[in-house]
Amino acid sequence: MPRMREILEGDAVGSVALIYNEIRDCYRAPYVSSLFRHLATYPGLLEWMWKLLGPHLKSGRIQVTGWSQVDVSKLEPIKGLTQRDLINLGINYEQVTVIKNVCETFVRVSPINLVVSGCLQKLMTQKKLVQKSEKIAQPFTLPEPLLEMPSMLSWAELSYEQKNLLNCFETVLAGEKFVPGIYLILARWPTFLGYVAEQLGPKLKNEKVLRRCEIIADKIFDSSEEIMEHIETSNNVLPVDNSQKNNILSAISTYRQTSPQMVGFGSLLLRALPSFKN
C-alpha cells in the first residue's frame, strides 16, 4: 500500500504556498498539518476550501470554537517521567524543551482541524445549507505563535528500529498508509519514541480508550455546526469528481479518528514530562 500523498511545505508553490503561509499564521503554529497537505494534492481544492473557510480562520472563530470544546479529563494518565528518566533516555534540557513544544503544537492544531474537517464534510455532502448570518465576527484573541519545530522525518530517512516503533501508530488515510505527524517528529529521539510507543501503543488497541477518544473528537467535530451558520455557500461548486470526493471524505473520516491522538495523547505526553533544570 502506498504512503499518503501530500504536498510538503517545502515543495509548495503558487497559491498553495500562499495558503500554507496563511494557515501557519491563523493557527499560530509553525507547520501545516497533514489534512491540508493532502487536500493540496487535488487541483483547486485547497483554494476552494480557503475561499469558504479562510475568513473564519482569519477572524479566529474556528480556532476558538475548537479549543473551547476540548475535554481530555476522561483519559487516564500515562507513566510520568522524572528528570532521571529523561537522562537515562538520553534527553537533555534543550531536547525536552523542543519535545514539549512539539506536543503543545499538535494539541493546539488538532482541534482546529477537527472543526475544519466538520465544515468540509458538510460542504461536500449537504445539499441545503442554512446560512443565518453573512457577517464575519470581530477578530477573536489568539495566543502567541509557537516556536518552530524540527521537521517530520520522511519514511526514507527512518531506520529499521524507528519504523518498527512507528508501526503501532500507523493507520490508513484515503487508501494510503499514514502515520500522524507528531510521531514522525518524535522519531528524532528513538529512545523517547520507544517510551511513547510503550505507553500509547496499548491505548490504541484498547476499545474503552478509543471510545473516549471518539467522544473527544465528536464534540469538537460537531461544533462545526456553529461555523456553518456563518459561511457563504452560494456558487459552491466542488472542484473534484465523485471518486475524488469519496477519497476526500474517507480522509476526513480517518483524520477524525487520529486527531484525538493529537489532542488527548499529546496532552498526556505534556503532563508526563517534568520540569527540567539545566
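Note that the coordinates shown come from a computational prediction; the quantities given were computed from them, not determined experimentally. Along every chain, residues carry numbers that run from 1 in the direction the sequence is written. Side-chain atom pairs in this predicted model are given and counted only at pLDDT of 80 or more, local residue features only at pLDDT of at least 70, and totals for whole chains, interfaces and linings cover all residues. With hydrogens and water excluded, all non-hydrogen atoms of the structure serve as input to the side-chain values.

A.B. asks: Where do I start with the environment of V102 in this structure?
C.D. replies: We count a stretch as a helix when DSSP gives it H or I for four or more residues in a row; a strand needs E for two or more, and each element gets its number in order from the N terminus. Within the secondary structure, V102 is located in helix α6 (residues 93-125). Between the C-alpha atom of V102 and that of L186, which follows or precedes it by 84 residues, the distance is 8.1 Å. Setting aside anything within four residues of it in sequence, one finds V102 in contact with M149, P150, I182, I185 and L186. Here, residues are in contact when the closest pair of their heavy atoms is within 4.5 Å.

A.B. asks: What am I meant to see in the nonpolar core here?
C.D. replies: Soluble globular proteins tend to bury their nonpolar side chains together. Within the largest apolar cluster, 85 residues are counted, with the highest numbers of intra-cluster contacts made by Y27, L53, V116, F169, Y183, L186 and F192. It is α6 that contributes the most residues to this core, 14 residues altogether. Those residues in contact with L186, other than ones at most four positions away along the chain, are I99, V102, F192, L193, V196 and L269. Take the buried Ala, Val, Leu, Ile, Met, Phe, Trp, Tyr and Cys residues and link them wherever side-chain atoms come within 4.5 Å; each set so joined is a nonpolar core. Three labels apply to residues, based on accessible area from a 1.4 Å probe with only protein chains included: buried if under 20% of the type maximum, exposed if over 50%, partly exposed otherwise in between.

A.B. asks: Can you walk me through the packing of helix α3 (residues 45-58) against helix α4 (residues 61-68) in this structure?
C.D. replies: Working note: a packed helix pair is described by the angle between its axes plus the distance between those axes. Helix axes are fitted to C-alpha atoms over the stretch in contact, other axes to C-alpha atoms as well, and angles between N-to-C directions run from 0 to 180 degrees. The N-to-C vectors of α3 and α4 enclose an angle of 70°; their axes lie 5 Å apart at closest approach. By the criterion of interaxial angle, the relationship of α3 to α4 is roughly perpendicular. When α3 is examined against α4, the residues L53, H56 and L57 are found in contact with a partner set consisting of R61, I62 and Q63. Residue classes in the contact of α3 with α4 are distributed as three nonpolar, two polar and one charged. Here the angle decides the label: under 35 degrees means roughly parallel, over 145 means roughly antiparallel, 65 to 115 means roughly perpendicular, and every other value means oblique. Polar here means any residue other than Ala, Val, Leu, Ile, Met, Phe, Trp, Tyr, Cys and Pro, which are nonpolar, and Asp, Glu, Lys and Arg, which are charged; Gly is therefore polar.

A.B. asks: Looking at this structure, how should I read the environment of Q83?
C.D. replies: Inspection of the secondary structure puts Q83 in helix α5 (residues 83-88). The exposure class of Q83 is partly exposed, given its relative accessible area of 30%. In this structure, the C-alpha to C-alpha distance between Q83 and P274, residues 191 residues apart in sequence, is 6.5 Å.

A.B. asks: Is there a simple way to think about the pattern of salt bridges in this case?
C.D. replies: Pairing is possible between side chains that carry opposite charge, provided their charged atoms lie close to one another. The term salt bridge refers to a side-chain nitrogen of Lys or Arg lying within 4 Å of a carboxyl oxygen of Asp or Glu. Per the counting criterion, the structure on display carries seven salt bridges. For the salt bridge of E6 with R37, the shortest nitrogen-to-oxygen distance reads 2.6 Å. Linking E6 in the segment before α1 (14-27) with R37 in helix α2 (residues 34-39), this pair joins segments that are 31 residues apart in sequence. When salt bridges with common partners are traced through the structure, they connect D218, D222 and R256 into a single cluster.

A.B. asks: What am I meant to see in α3 here?
C.D. replies: Given 3.6 residues per helical turn, the α-helix brings residues three or four places apart onto the same face. To estimate the expected span of a helix, count its residues, drop one, and scale the result by 1.5 Å. Taking 1.5 Å per residue as the helical rise, α3 with its 14 residues ought to reach 20 Å, and the 19 Å between its terminal C-alpha atoms agrees with that figure. We define the bend at each residue as the angle formed by axes fitted to the 7 residues ending at it and the 7 residues starting at it. Where α3 bends most, the angle comes to about 50°, and this point is L52, followed within four residues by the proline P55. Every buried residue of α3 is listed here: L45, L46, W48, M49, W50, L52, L53, G54, H56 and L57. Here the buried face of α3 lies against α1, α2, α4, α6, α11 (224-228) and α12 (242-272). Just past α3, the residue G60 takes up positive phi, approximately 95°.

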